[in-house]
Amino acid sequence: MYPRLFTPLDLGFAVLPNRILMGSMHTGLESRPDGMARLAAFYAERAKGGAALIVTGGFSPNAEGNLGPHRAEFSTAQDAENHRVIPRAVHDAGGRIVLQLLHSGRYGFHEQIVAPSAIKSPINPHTPRELTAREIEQVIDDFSRAATLAREAGYDGVEIMGSEGYLITQFLATRTNHRTDEWGGALENRVRFASEIVRRVRAAAGPQFIVVYRISALDLVEGGLEAAEIQTVARAVADAGATLLNTGIGWHEARIPTIAQAVPRGGFAWATRRLKEAVSIPVVASNRINTPEVGEAILVRGDADMVSLARAMLADADFANKAKAGDRPAINICIACNQACLDHYFIGQPASCVVNPRAGRETKLVFNPAPKPKRIAVVGGGPAGLSCAAHAAERGHEVTLFEKAAELGGQFNLAKVIPGKHDFGESIAYFAERLKRGGVRVMVGKEAGARELAGYEEIVVATGVDPRTPPIPGIERAVSYVDVLNGKVQAGRNVAIVGMGGIGFDVALYLLERDSRAPYDPAAFAAHWGIGNTPAPAKPRHQITMLKRSHTPFGHTLGRTTGWVHRAELARNGVRMLKGVEYRRIDERGVHITVDGKERLVEADTVIVCAGQTPRRQVSGHLIGGAKEASELDTKRAMLEGAELAARL
Ligand SMILES: Cc1cc2nc3c(=O)[nH]c(=O)nc-3n(C[C@H](O)[C@H](O)[C@H](O)COP(=O)(O)O)c2cc1C
Ligand code: SF4
């Protein structure tokens, strides 16, 4: 009776695209004045790219459920009218789209938040107000009214957000639900809120309307649901009329990474399998599915009926069509950095993508054919140069890229050896392929000087950075992070790291890798982080001390959604961190410092300098990336500057 979303399982990428759901992402455009038009363009590109079903970012069915002070709400006829452009654009592109209804409960960052019980979340300064029984009925009606409005707006359905620790999960778990009425206590009472929402949404919106329920396949918090209880919830929402069961992993307050680089590809599909065993409606696997082969393997194993790709769809809008064509080298792979997507939420910027800066800028960053093709030299084959050369060539320019080193990639070649950053190697391969297809003349092992650059109409300087050497007596005894990461130097047992920016953290993780990193295997990851058990003990091979001059908090330059994972990993391996340090000298015993007015020796047989970079600029021209500004390595800015310059040339 409900719409069919997929065809029978087959073994090639030819079937995978029909099973790809684009996972929900709040882009930050939802509450902007030009947001609807920009979202329409954003989703239409992904529908054109072959996604079988798209889920919008979360919209609240009422005012209390808003995530932040900005209104991302879907509760009025005017909201439905404003949204019309979105489903229309997606349908015109041949796709289908459902609106996600997300009530934040105690996770909202404003004063009006509500929850089943007045219990504050550890990640929110605000305490929620306890809902009365009458208000609970009203919230359920708000969901069903929003679903009716979504149908009127032209959406194919709704997704009811019941995972990640938002309101519905707060009703389900004893951690957050201390009620003694019919909405609390035994599981059959706690599940009533979820199943009533699905039931009333189905009743209001009719049998043809797609009702996706996003269930928490794993809560990963104390007082969350056990596996058997989650299966009970799955059965309840399926019986209430859900078309599809999508999955989410972990509450936001969980201290186990769920989408960061530390998570193995497809690392939670095993939890989806448990749900598939419990219900007969199709089940969707989610999180860190970033390549077609990972998605395919999940389907072939029978862990799920569909796969959800969220960030992978930011990185490449045409993922599904490319997979369908078997054109794996043409897929721009998400590197799970979170820098331009999830981290943007916390700094109030619209979501985009490091490796695809056009994401979220579909109406602004436009690559029209060049009116007059030019001869362009791009000097430097790191992220900035790759991005610029690829886009410029695709616009029709005649592009030559000079790279001094023997291979393309620049700083990505260092990054790809760091735990969790192996996908950076995918990016280099992808851009190299794109240059080839775009007809870029690539000159590796070739330094470009005045002679080589003669005759070019435009010169792009993307020469990157040189590591900075701080003026510390005895610094010649220290080694650069570059030599450690490229394997020229083997660190001893006692290591001091001078500098605690992103690279300092990366180097520390790299040194600990063989002993402490969760390998890229879901079972080892689960053991490492203590999923269903206590975490495996760390056995660090190095005693590491990290030092920095400033008094700012440790790792304050790291991303909001990933920094805590790195800090937890280093803490677990006994890495010491000292801030407010004055360097006196480095000698054979280690680093002599003054800290808190006291002189100290940090014993070290290897001292590694990660004290920033300086721009490398041997030639003049359009400066982009590290050559323009080198304070902190910034791939996001580098790739964006490369793309923006290419659009202007
Ligand atoms: C920028 C961003 C915004 C997100 N917003 C939502 C949201 O509004 N609702 C939701 O259910 N999940 C949201 N998510 C989580 C994704 O749906 C998905 O679970 C997560 O990114 C892991 O899947 P992936 O590895 O395919 O990206 C968001 C993720 C990102 C990166
Ligand atoms: S910014 Fe990073 S994590 Fe986000 S979609 Fe792009 S590559 Fe993936």
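Note that the coordinates shown come from a computational prediction; the quantities given were computed from them, not determined experimentally.

So, how was this worked out
By convention here, each chain's residues receive numbers from 1 onward along its written sequence. Lettering of chains starts at A and numbering of ligands starts at 1, both following the order in which they are written. Per-residue local features are limited, in this predicted model, to residues with pLDDT of at least 70; the limit for side-chain atom pairs, both in listing and counting, is 80 or more; totals at the level of whole chains, interfaces and linings are taken over all residues. Only heavy atoms go into the side-chain values, all of them from the structure, while hydrogens and water stay out. Only runs of H or I of at least four residues qualify as helices and only runs of E of at least two qualify as strands under DSSP, and these elements are numbered from the N terminus. Here the globule rule reads 2.2 Å times residues to the power 0.38, and the radius of gyration is calculated from C-alpha atoms. Note on exposure labels: buried denotes an accessible area under 20% of the residue type's maximum, exposed denotes more than 50%, and partly exposed covers the range between, all computed with a 1.4 Å probe on protein chains only. By definition, residues are in contact when any of their heavy atoms lie within 4.5 Å. Values of accessible area rely on a 1.4 Å probe in the Shrake-Rupley scheme; residue burial ignores everything except the protein chains shown. Positive charge is attributed to Lys and Arg, negative charge to Asp and Glu, and no charge count is given to His or to the chain ends. The atom standing in for a charge is NZ when the residue is Lys, CZ when it is Arg, CG when it is Asp and CD when it is Glu. Strand pairing is assigned whenever DSSP detects at least two bridges linking the two strands. Axis geometry follows a simple rule: fit a line to the C-alpha atoms, using only the stretch in contact for helices, then measure angles between N-to-C directions, giving values from 0 to 180 degrees. The cut-offs work like this: below 35 degrees is roughly parallel, past 145 is roughly antiparallel, 65 to 115 is roughly perpendicular, and the gaps in between are oblique. Crossings are assigned a handedness: left-handed for a near helix turned anticlockwise from the far helix by less than a right angle, right-handed for a clockwise turn. We call Asp, Glu, Lys and Arg charged. Ala, Val, Leu, Ile, Met, Phe, Trp, Tyr, Cys and Pro are nonpolar, and the rest, Gly among them, are polar. Each reported salt bridge corresponds to a side-chain nitrogen of Lys or Arg within 4 Å of a carboxyl oxygen of Asp or Glu. In these notes, residues near a molecule or strand are those with any non-hydrogen atom within 4 Å of it. Definition used in this section: a nonpolar core is a set of buried Ala, Val, Leu, Ile, Met, Phe, Trp, Tyr and Cys residues joined via side-chain atoms within 4.5 Å. Residues adjacent in sequence count toward polar contacts only when both atoms are side-chain atoms; beyond that, a polar contact is any pair of N or O atoms within 3.5 Å, and within protein one must be able to donate a hydrogen and the other to accept it.

What's the story with the overall build of the chain in this structure? I'm lost.
The helix and strand inventory of the chain stands at 22 helices and 25 strands. Against the compact-globule benchmark of 26 Å for 649 residues, the chain has a radius of gyration of 26 Å, which places it among compact chains. Viewed in the frame of its principal axes, the chain has a C-alpha envelope of about 70 × 65 × 45 Å. Within the span of the chain, comprising 649 residues, buried residues form 61% of the whole. The long-range fraction of contacts in the chain, counting pairs at least 24 apart against all pairs at least 6 apart in sequence, stands at 73%. Looking at the chain as shown, the accessible area adds up to about 25000 Å², and 51% of this sits on carbon and sulfur atoms. Across the chain, the 78 positively charged side chains and the 70 negatively charged ones have centroids separated by 3 Å.

Whenever I open this one, the pairing of strand β2 (residues 53-59) confuses me. Can you help?
Taking burial as the measure, the seven residues of β2 include seven buried ones, the bulk of the element. Here β2 pairs with strand β3 (residues 97-101) via four bridges, running parallel. Within the sheet, the bridge partner assigned to Ile 54 lies in β3 and is Ile 97.

So what exactly am I meant to see when it comes to the packing of helix α14 (residues 383-394) against helix α16 (residues 424-438) here?
When two helices pack together, their arrangement is given by the angle between the helix axes and by the axis-to-axis distance. The interhelical angle for the contact between α14 and α16, taken along N-to-C directions, is 25°, at an axis separation of 9 Å. It follows that α14 is roughly parallel to α16 by the angle criterion. Crossing hand, α14 versus α16: left-handed. Packed against α14, whose contacting residues are Leu 386, Ser 387, Ala 389, Ala 390, His 391, Ala 393 and Glu 394, the element α16 presents Phe 431, Arg 434, Leu 435 and Gly 438 at the interface. Tallied by class, residues from the contact of α14 with α16 come to six nonpolar, three polar and two charged.

Before we go on, may I ask you to explain the pattern of salt bridges in this structure?
Pairing between side chains of opposite charge can happen when the charged atoms of each approach one another. This model, assessed by the stated rule, comprises 41 salt bridges. A salt bridge links Arg 175 to Glu 253, with the shortest nitrogen-to-oxygen separation between them at 2.8 Å. Of this pair, Arg 175 sits in the loop between α5 (167-172) and α6 (187-190) while Glu 253 is found in the loop between β8 (244-249) and α9 (269-276), placing the two residues 78 residues apart along the sequence. A relative accessible area of 6% places Glu 253 in the buried class. Because the salt bridges share partners, they merge into one network encompassing Arg 265, Arg 288, Glu 293, Arg 328, Asp 423 and Glu 426.

Which parts of the structure should I look at to understand the site of ligand 2?
Taken together, Arg 311, Leu 314, Cys 334, Ile 335, Ala 336, Cys 337, Asn 338, Ala 340, Cys 341, Cys 353, Val 354 and Val 355 are the residues near ligand 2. Residues of the shell around ligand 2, tallied by class, amount to ten nonpolar, one polar and one charged.

What's the story with the packing of helix α1 (residues 35-48) against helix α3 (residues 85-92) in this structure? I'm lost.
Two numbers describe how α1 lies on α3: the axes approach to 8 Å, and their chain directions differ by 25°. By the criterion of interaxial angle, the relationship of α1 to α3 is roughly parallel. α1 and α3 meet at a crossing whose hand is right-handed. For the pair α1 and α3, contact is made by Met 36, Ala 37, Leu 39, Ala 40, Tyr 43, Ala 44 and Ala 47 and by Val 85, Ile 86, Ala 89 and Val 90, respectively.

Sorry if this is basic, but what is going on with the nonpolar core here?
Nonpolar side chains tend toward joint burial in soluble globular proteins. If you look at the biggest cluster of nonpolar residues, it comprises 149 residues, and the most contacted ones within it are Phe 74, Ile 160, Phe 193, Tyr 213 and Leu 245. By residue number, the principal contributor to this core is helix α4 (residues 133-153), which donates nine residues. Ignoring anything within four residues of it in the chain, the contact list for Ile 160 reads Leu 101, Phe 143, Ile 168, Ile 197, Val 198, Val 201, Val 211, Val 212, Tyr 213 and Arg 214. By size, the runner-up hydrophobic cluster in this structure holds 25 residues, among which are Tyr 481, Ile 497, Leu 512 and Cys 610.

Explanation requested: the sheet that holds strand β25 (residues 622-623) in the structure shown.
The pairing of strands in a sheet comes from backbone hydrogen bonds and takes either a parallel or an antiparallel form. Strands sit in the order β13-β12-β11-β14-β25 across an open sheet of five strands; the sheet is parallel. Whereas interior strands pair on both sides, the edge strands pair on one side only; in this sheet they are β13 (441-444) and β25. Summarising the sheet, strand β11 (residues 375-379) and strand β12 (residues 398-403) pair through five bridges and their orientation is parallel. Each residue of the ladder has a partner; that of Ile 376, found in β12, is Val 399.

So what exactly am I meant to see when it comes to the sheet that holds strand β23 (residues 606-609) here?
If you trace the five strands from one edge of the open sheet to the other, you get β16-β23-β17-β18-β19, paired in parallel fashion. Lying at the two open borders of the sheet, with one neighbouring strand each, are β16 (479-480) and β19 (576-578). With five bridges connecting them, strand β17 (residues 494-498) and strand β18 (residues 543-547) associate as parallel partners. Each residue of the ladder has a partner; that of Ile 497, found in β18, is Met 546.

Would you mind going over the site of ligand 1 with me for this structure?
In the vicinity of ligand 1 there are 19 residues, among which Ser 24, Gln 100, Arg 214, Arg 288 and Arg 311 approach most closely. In this structure, Gly 58 approaches ligand 1 through a main-chain N or O atom, which is 3.0 Å from an oxygen atom. Between Arg 311 and ligand 1, the recorded distance is 2.7 Å, taken from a side-chain N or O atom to an oxygen atom.

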